[in-house]
2 protein chains.
Amino acid sequence: MPPPAETLAARLKDIAAEVAIIGPQALAERHPGEHPGNFGAGVMALPTSTEMVAEIVRFCASEMIGVVPQGGRTGLVGGGISTPGELIVSTEKMTEIELIDPATRIAIVQAGVTLQALQEAAAPYGLTPGIDLAARGSATIAGMVSTNAGGILAFRNGVMRHQVLGLEAVLPDGTVFSDLTEVVKVSAGPDMKQMFIGAEGALGIVTRIVLRLETLRTARATALVGVKDAATALAVVGHFRSQPALMLEGAELMWAQFIRDSASVHGFDLGWLDEGTAAVLLFEVSAETAELAAETLESGLETLWEELGLDGGIVARSLDQSRKFWELREDSDFIYRLHPGAPSFDVSIPPGELDTYVVALAARLRTIDPAWGAYVYGHIADGNLHISVTGANELTDADKERIEDAVYAGIRGLGGSFSAEHGAGLEKRRAYIAYGNAERRALAQALKRAIDPDNLFNRGKVPY
Amino acid sequence: MPPPAETLAARLKDIAAEVAIIGPQALAERHPGEHPGNFGAGVMALPTSTEMVAEIVRFCASEMIGVVPQGGRTGLVGGGISTPGELIVSTEKMTEIELIDPATRIAIVQAGVTLQALQEAAAPYGLTPGIDLAARGSATIAGMVSTNAGGILAFRNGVMRHQVLGLEAVLPDGTVFSDLTEVVKVSAGPDMKQMFIGAEGALGIVTRIVLRLETLRTARATALVGVKDAATALAVVGHFRSQPALMLEGAELMWAQFIRDSASVHGFDLGWLDEGTAAVLLFEVSAETAELAAETLESGLETLWEELGLDGGIVARSLDQSRKFWELREDSDFIYRLHPGAPSFDVSIPPGELDTYVVALAARLRTIDPAWGAYVYGHIADGNLHISVTGANELTDADKERIEDAVYAGIRGLGGSFSAEHGAGLEKRRAYIAYGNAERRALAQALKRAIDPDNLFNRGKVPY
């Protein structure tokens, strides 16, 4: 029988007087984020330092109280859901950007710094975190570490794991693991900090992070181009990637149903696009000057036009127009307004296999129900697709499983993953077991047992 | 009492008839590589597939026979040393390049493929592994995975960990861990394949690897520039890195003692260099054309000349001349011809701290013995220094410890590492314990116990 949230809150106030503690009443007035179950525990600690997190965790370990770490609560798979008897440890008061060092090209931040806050702090130095994603305003750096976030630049810079040089984390027994390395080259035995990256809080609470920074390139040009398939989009991308004068800054593909509905919702004119086009590629390049970027982009598209049979295209004439292009792709909430409860997925497919996969997926959905279709869009250069299944109302559990199976079929055999960047949380539990890598899961369980034998951290989630 | 090597060889031939086995006599005729102790076990198995490795490892596990994996045997820290009673498992017959896929920009290779073989196989597709190092002709991909190799492009592309998308490994009990992911984005719980990267064979024998490939840029220009310190070199590097028309392909700094002796040994004229210069920066850029690269490089240097007070410079006029520049840096064997037994180190220092570190190191060495000095050279943009201490002949063990302490003092506090890319092996054991991260080591030991409870794999090495 867990102590009621009020009792736990009162006890925490006693043992950790300097830590802000919020009980069920104050929590009820706050927004729980992407999942209503996030505040299930009814009590939240808001420490401001690694040592405070450790103090709280030591208390929880001694009382066998489960701990659920939370960052921006923008996760889409229920990784932050908490239940009565547990304690939420929120990083929202850990927002210090401790260092931006232009000589070493690193940042040191506390867990709760948002991506956008770091982007804004690094920009005056001509630097940027090298990872970018639509939820930049709310996603925290530690949350991004815990889900090994990817976003729009992963094809070039890699994922969060590749930007993390060092981190500090509090282990389930309250000890502090501190590896605040500031260099990219370390060959000193097994690199245990890697274990906290993508572990969704199962092994430790990440409290501080050292990140590599990349050169910020603001002289850009942006285009929308109609293509007949992903292969054509990849050929366009490949053309521009191979030009040393340009740097590719984004390559997003939106299949027809997505771009048509998004354009309609955003009042965006698609008159320039051929009627029957299969998909629209949004891509952005940087160069020495914005003019050079735009010229190279336009002349490149001219060269490719006949060869690839492009279905129309436009180049942004202003920063404002470029923002509108990106809004079509990033402001995707319309999906849930038009199709409430549409089951959504986030898969990784080797880019060379995208067309086969997308065609097969549509066929599999139609076979189950001719009314079913899918919004498909995502980060084309690394093969990360976001998928929302439409036309499927009032779904039974069996329906949901059939949809999952249709989406995940064959992905592992292709070398892809059932989860690209959102994580597994609670909602992808079945997929993690059925479509994940069993050997990876078995080893992760062994590690979990070694580090968290009482299963106190983010219980019931990965590695299950 | 371990079985004699002959007996073990005979038994292995029985139980694994299809695997080549070499006994002590045949081994004696081969070159043991960088360390004479590599062939200490006196018996070697040369499997050609993951399944063969697993078969051999299962036999060893059942007999409690220790296993030492070996690749190119070019490791510099004794990570491949073996002792009587153990079995060497060599990957030298696992040289198949299974796939180069230009659409997905990946390669799948067997463990024993050399870096150079992969570079040559990828080049016709306009691709490259994105990691490069002087030992490219002998270093194997699995060896580079096992030491988390870095090299000359790590400042841009990261280290081996960042290029590995998937891998297969045989665990100490003979089970196969297979995670041949082909995509960069995977968020599916703790990523256990990371544990085999940089583990120096302590946790598994890496048998197959999926690697990201990068765009190969062959239109290049190369320069040598005299600088007064590392900060100046970094300012030069920063200038060229911030230019979108250029891509930095290498930035190596050689302090005076190194460049003077290397030039002398290689018959390279340094007449263009000011007498008192502290160091010479070798750097290379790529651009749309080699002409553009050379022009941009020359005009950039002109711009920087006064501002940074450069001490002379030359730009390569031909590919042949560029190769001679690189030979000065990469063909560093002269160190051991001029100073046999010179203690050598491979440290990571945050770039902004390099000058302070190099000055303090020289002072610490002189304090111990006025005759002692150091060759210092390395990958400046990521802060990886190679150091060989000179003037110290007939070293006692106490001398060696004093030198180690002088080299490693303060590195961890700076956010650096006692080992950047060579690993710990046997020779850096004391440093791993005294100057490594104790929390990282403790967690690594816990993992080692979970995966290899009988301590069969690369016994006596990391994580100790």
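What comes next is a walk through the structure. Bear in mind that the values here come from a model prediction, so they are computed numbers and not experimental data.

**Some thoughts on the side chain of A:S178**
Secondary-structure assignment places A:S178 in strand β9 (residues 176-179). A polar contact is formed between the side chain of A:S178 and the side chain of A:E168, at a distance of 2.7 Å. Those residues in contact with A:S178 that lie beyond four places of it in its chain are A:L167, A:E168, B:R412, B:N437 and B:E439.

**A short note on the relation of the copies chain A and chain B**
Take chain A, turn it by 180°, move it 0.0 Å along the axis, and it overlays chain B with an RMSD of 0.0 Å. This pairing of chains is accounted for by a two-fold axis. Relative to the rotation axis, the C-alpha of A:A245 is the closest in chain A, positioned 2.1 Å from it. Here 100% of the contact residues of chain A are again contact residues in chain B; the copies associate through an equivalent surface.

**Remarks on the packing of helix α1 (residues 5-15) of chain B against helix α3 (residues 50-63) of chain B**
Residue and element names in this part refer to chain B. The geometry of α1 relative to α3 is characterised by a closest axis approach of 11 Å and an angle of 125° between their N-to-C directions. As summarised for this structure, α1 and α3 are arranged oblique, according to the angle between their axes. Between α1 and α3 the crossing geometry is right-handed. Across from L8, R11, L12 and I15 in α1, the residues of α3 making contact are E55, I56, F59 and E63. Looking at the contact of α1 with α3 residue by residue, the classes come out as five nonpolar, no polar and three charged.

**Some thoughts on the interface of chain A and chain B**
Contacts between the two partners involve 80 residues from chain A, matched on the other side by 80 residues from chain B. Across the interface of chain A and chain B, roughly 6,600 Å² is buried in total on both sides, 56% from carbon and sulfur atoms. For chain A, the biggest contributors to the area lost against chain B are A:K185, A:S187 and A:R440; these three give 14% of the whole. Counting every contact that joins chain A to chain B gives 10 salt bridges. Between A:D382 and B:K185 there is a salt bridge; the shortest N-O distance is 3.3 Å. Between chain A and chain B we count 42 residue pairs in polar contact (both at pLDDT 80 or more) in total.

**What to know about a negative patch on the surface**
A cluster of acidic residues, A:E34, A:E327, A:D331 and A:D333, forms a negative patch at the surface. Within the fold, A:D333 resides in the loop between α11 (319-330) and α12 (334-338).

Criteria and cut-off values
Residues numbered from 1 in each chain as written. Chains lettered and ligands numbered in written order. Predicted model: local features only at pLDDT ≥ 70, side-chain atom pairs only at ≥ 80, totals over all residues. Heavy atoms only, no water. Helix = DSSP H or I, 4+ residues; strand = E, 2+ residues; numbered from the N terminus. Polar contact = N/O pair within 3.5 Å; in protein donor to acceptor, adjacent residues only side chain to side chain. Contact = heavy atoms within 4.5 Å. Least-squares fit on C-alpha atoms with pLDDT ≥ 70 in both. Axes fitted to C-alpha atoms, helices over the stretch in contact; angles between N-to-C directions. Parallel < 35°, antiparallel > 145°, perpendicular 65-115°, else oblique. Left-handed = near helix turned anticlockwise from the far one by under 90°. Nonpolar A, V, L, I, M, F, W, Y, C, P; charged D, E, K, R; others polar. Buried area = accessible area lost by both parts, 1.4 Å probe. Salt bridge = Lys/Arg side-chain N within 4 Å of Asp/Glu carboxyl O. Patch = residues over 30% accessible without salt bridge, like charges linked within 9 Å, V, L, I, M, F, W, Y side chains within 5 Å. Areas by Shrake-Rupley, 256 points an atom, 1.4 Å probe, with all protein chains shown as cover. Lys, Arg positive; Asp, Glu negative; His and termini not counted. Charge placed at Lys NZ, Arg CZ, Asp CG, Glu CD.

Don't take any of this as a statement about function, it's just geometry.
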